Protein chains: 2
Amino acid sequence: MKKVNLAVVGATGMVGRTFVKVLEERNLPIENIYFFSSSRSAGSTIVFNNKEYTVEELTETSFDRGIDIALFSAGASTSEKFAPIAASKGCVAVDNSSCWRMDEKVPLVVPEVNPQDISWNQGIIANPNCSTIQAVVALKPLHDKYKIKRIVYSTYQAVSGAGLSGYNDLENGLKGEAPKKFPHPIAGNCLPHIDVFLPNGYTKEEMKMVHETRKILGDNSLKITATTVRVPVFNGHSESINVEFEKQYDLDELKEVLRNAPGIIVQDDVANNVYPMAIDATGKDETFVGRIRRDESVESGVNLWVVADNIRKGAATNAVQIAQELIKMWNK
Amino acid sequence: MKKVNLAVVGATGMVGRTFVKVLEERNLPIENIYFFSSSRSAGSTIVFNNKEYTVEELTETSFDRGIDIALFSAGASTSEKFAPIAASKGCVAVDNSSCWRMDEKVPLVVPEVNPQDISWNQGIIANPNCSTIQAVVALKPLHDKYKIKRIVYSTYQAVSGAGLSGYNDLENGLKGEAPKKFPHPIAGNCLPHIDVFLPNGYTKEEMKMVHETRKILGDNSLKITATTVRVPVFNGHSESINVEFEKQYDLDELKEVLRNAPGIIVQDDVANNVYPMAIDATGKDETFVGRIRRDESVESGVNLWVVADNIRKGAATNAVQIAQELIKMWNK
């Protein structure tokens, strides 16, 4: 098997550190690994597979050494500038920012859902938004079988999705301190406000869920609306997903479809208080689906409760899975 | 104005204490007031309008003294037994439990929505479930104007809705202690589980929202589905409400309809990060509505974010408002 040279861009952030952990766990065939960051964090060290590495400052020449895959999680402006530079040097940038997701030349990939889209990449592959990833993992097998007509998303998103400063806002807020990252206290509160507001009254996060779901499922006819909410949970996004299908379904069969789908663990035994929870999903790579029940308010509808670790499946794990798919493709 | 004799049943619980506070604030024309509880709490004292009262044990003869109105918040089994006894003595029981809500002979009342239903009471008036009250306050003016076809509820409910023991579970859970009231930790977690599970896979709380919304709005044709979720918030329920109308609407007009409706404060200035929040609604009697935006996934739909103090408007305030309406009616 061909070994690859791999880089992590934004190695010292919350997602960056999880990249390192997931890369170790999944034992990728890595020849050389490089860690990049802004000048501010350059010089710090990272331990990968028991070896210490110095984090280098990201520059325009960083990719001039035969890097095959670069996992980016350093914000949209870094990705906007450096992902094309990486691509121009023959590297594939797997980008966790929102910068390239809706670019028609850039595949937006969840490996359980649309791995085939990796093949047409032109040097950049976008990692979807955390809240979208776990949703489409759950929805894809149902869309294939029953054809989704409409989706109503309401999310319960953890503060880790806002990075370390979001995490600190909750931790310090519980001690009575004022928030620094969020515009209002998150401790003991719910904020219907993730990312910036757009002219249509929706947040960017809400519109990401609308547009990215359509692109990943490859169906622009899907009717979708979303309300995205930050809740005082440290890690693990939960989602209330209401789905309307074109075709009729049998509930037991639908549950079986979910059970047999890749990346999903069905947790749905309400008699024993078993349902997906953020504290259980944390540290895991799967998407957890439960509270599966018929919505009697439409002809063919279902309600789902979908939970995943937003830093792992919602960011780092998904990007590493894309890297694994790339390597598999190159080794064919 | 005729003064009334008033009783509070379940005076020492979380809602009971708030009854006392709201009764003081609203300055009802009270001749005599009595406080009742189970034998366990009997003998404790309650201060009302600077006067100390001893809590009496509730018995079958408690209402044999010309009590006009009794506010019940002592659980469904107490209400089941004692509300008919109170009614048989000429008292009107305003009951905060779920016991009588769906009884066809019992009006289910939110004074801003269906005050006219008070007139046909036969001695028991039911106070709706907290999550339903705030929803119908927001939905009633829109139903009148645009005729609601379908509602999708997803709730973000505070632990105070589960009483003092729910409150303690969050407080102690934040210090790392195991929960006593909830089946799983609520600190740093979301539980898609409020009240018991029913054979159809929904919780009782979810079906309350479906049935009570229909009864209060007086429209059994309404299509409704709900997902109710406990979040780690001490007080104040938030709700993501997706509504589909039969008629078309103009968004500015719809906002104006909400602004002019009773009991509603519109907080919807996203450019300045203004939207309803649990920490702001706490201690207030109004229902707060914001994030008002067109749902483009249906022909005529809107998304709302609705927040209220579940102990005040969701329980105590609503019951006291019903008492006020009764007194108004008797004085006509």
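Not measured: the values here are computed from a predicted model. (Residues numbered from 1 in each chain as written. Chains lettered and ligands numbered in written order. Predicted model: local features only at pLDDT ≥ 70, side-chain atom pairs only at ≥ 80, totals over all residues. Heavy atoms only, no water.)

**Describing the overall build of chain A**
Of regular secondary structure, chain A possesses 8 helices and 14 strands. Its C-alpha radius of gyration of 20 Å places chain A within 12% of the 20 Å reference for a compact globule of 332 residues. On the principal axes, the C-alpha backbone points of chain A span a range of 60 × 55 × 40 Å. Looking at the 332 residues of chain A, the share that counts as buried comes to 62%. (Helix = DSSP H or I, 4+ residues; strand = E, 2+ residues; numbered from the N terminus. Rg over C-alpha atoms; globule rule 2.2 N^0.38 Å. Buried < 20%, exposed > 50% of the residue type's maximum accessible area, 1.4 Å probe, protein only.)

**Topic: the UniProt feature "binding site: substrate" (unreviewed entry) in chain A**
Residues and elements named next belong to chain A. The UniProt record annotates "binding site: substrate" (unreviewed entry) at Gln157 and Arg230. The largest pairwise C-alpha distance within this set of annotated residues, which runs over 74 residues, is 4.7 Å, so the set is compact in three dimensions. Looking at the element boundaries, Gln157 is found in the loop between strand S9 (148–156) and helix H4 (163–173). Since its relative accessible area comes to 1%, Gln157 is described here as buried. The residues touching Gln157, leaving out its near neighbours within four places in the chain, are Cys130, Ser131, Ile194, Glu205, Thr228, Val229, Arg230, Val231 and His237. Within the secondary structure, Arg230 is located in the loop between strand S10 (223–227) and strand S11 (237–245). (UniProt positions renumbered as here; feature names shortened; annotations may be inferred. Contact = heavy atoms within 4.5 Å.)

**Some thoughts on the side chain of Asp95 of chain B**
Residues and elements named next belong to chain B. Mapped onto the fold, Asp95 is located in strand S7 (residues 92–95). For the buried Asp95, which has no salt bridge, the nearest side chain bearing the opposite charge is Arg101, at an N-O separation of 6.8 Å. Residue contacts for Asp95: discarding those within four places in its chain leaves Phe72, Ser79, Trp100, Ile125, Ala126 and Asn127. (Lys, Arg positive; Asp, Glu negative; His and termini not counted. Salt bridge = Lys/Arg side-chain N within 4 Å of Asp/Glu carboxyl O.)

**Thoughts on the packing of aromatic side chains**
Applying the stated rule across the entire model yields 23 aromatic pairs over all chains. On the basis of an interplanar angle of 45° and a centroid distance of 6.1 Å, the ring pair of Tyr275 of chain A and Phe197 of chain B is categorised as tilted. Here Tyr275 of chain A, found in the loop between strand S12 (264–266) and helix H7 (278–281), pairs with Phe197 of chain B, found in the loop between helix H4 (163–173) and helix H5 (204–217), and the two come from separate chains. The exposure classification of Tyr275 of chain A matches that of Phe197 of chain B, with both residues buried. Ring centres of Phe35 of chain B and Phe48 of chain B lie 6.3 Å apart, and the angle between their planes is 65°; on these two criteria the pair is classed as edge-to-face. Of this pair, Phe35 of chain B sits in strand S2 (residues 30–37) while Phe48 of chain B sits in strand S3 (residues 45–48); the two residues are 13 residues apart in sequence, bridging distant segments of the chain. (Phe/Tyr/Trp six-rings, centres within 6.5 Å; stacked < 30°, edge-to-face > 60°.)

**Description of unusual backbone geometry**
Residue and element names in this part refer to chain B. Backbone geometry at Asn27 places phi at a positive 55°, although glycine is not the residue there. Considering the arrangement of structural elements, one finds Asn27 in the loop between helix H1 (14–26) and S2. Judged by its relative accessible area of 62%, Asn27 falls in the exposed class. Phi angles above zero are rare outside glycine, and Asp195 is one such case at about 65°. Along the polypeptide, Asp195 turns up in the loop between H4 and H5. Here Asp195 falls in the partly exposed class, since its relative accessible area comes to 32%.

**Here we look at the sheet that holds strand S8 (residues 124–126) of chain A**
Residues and elements named next belong to chain A. Pairing is parallel in the open sheet, where 6 strands are placed in the order S5-S2-S1-S6-S7-S8. Bordering the open sheet on either side are strand S5 (56–57) and S8, each of which pairs with just one other strand. With 4 bridges joining them, strand S6 (residues 69–72) and strand S7 (residues 92–95) adopt parallel strand pairing. By the bridge assignment for S7, Phe72 is matched with Asp95. Packed on one face of the sheet, helix H1 (residues 14–26) meets strand S1 (4–9), strand S2 (30–37) and S6 and runs near 150° to S1. Sheet strands touched by helix H2 (residues 76–88): S1, S6, S7 and S8. Its angle to S6, the strand with the most contacts, is close to 175°. (Pairing = 2+ DSSP bridges. Axes fitted to C-alpha atoms, helices over the stretch in contact; angles between N-to-C directions.)

**With respect to the interface of chain B and chain A**
Accessible area lost when the parts come together is the quantity often used to give the size of an interface. Every contact between the two is made by 50 residues of chain B and, on the other side, 50 residues of chain A. Buried area between chain B and chain A, summed over both chains or domains, comes out near 4200 Å², and the portion from carbon and sulfur atoms is 57%. On inspection of chain B and its partner chain A, the count reaches 6 salt bridges. The closest approach of N and O atoms between Glu206 of chain A and Arg291 of chain B, which form a salt bridge, is 2.7 Å. Inspection of the region where chain B meets chain A yields 38 residue pairs in polar contact (both at pLDDT 80 or more). At the level of elements, strand S9 (148–156), strand S10 (223–227), strand S11 (237–245), helix H7 (278–281), strand S13 (287–295) and strand S14 (301–308) of chain B are the ones that each hand at least two residues to the side of chain B that touches chain A. Along the lines of polarity and charge, the residues of the side of chain B that touches chain A split into 25 nonpolar, 17 polar and 8 charged. (Buried area = accessible area lost by both parts, 1.4 Å probe. Polar contact = N/O pair within 3.5 Å; in protein donor to acceptor, adjacent residues only side chain to side chain. Nonpolar A, V, L, I, M, F, W, Y, C, P; charged D, E, K, R; others polar.)

**Brief notes about the UniProt feature "binding site: phosphate" (unreviewed entry) in chain A**
Residue and element names in this part refer to chain A. Per the UniProt annotation, the sites labelled "binding site: phosphate" (unreviewed entry) are Arg101. Relative accessible area serves as the criterion here: at 4%, Arg101 is assigned to the buried category. The contacts of Arg101, once residues within four sequence positions are left out, are Asn96, Val106, Leu108, Ala126, Asn127, Pro128, Asn129, Lys208, Glu212 and Lys215. A polar contact is formed between the side chain of Arg101 and the backbone oxygen of Asn96, at a distance of 3.0 Å.

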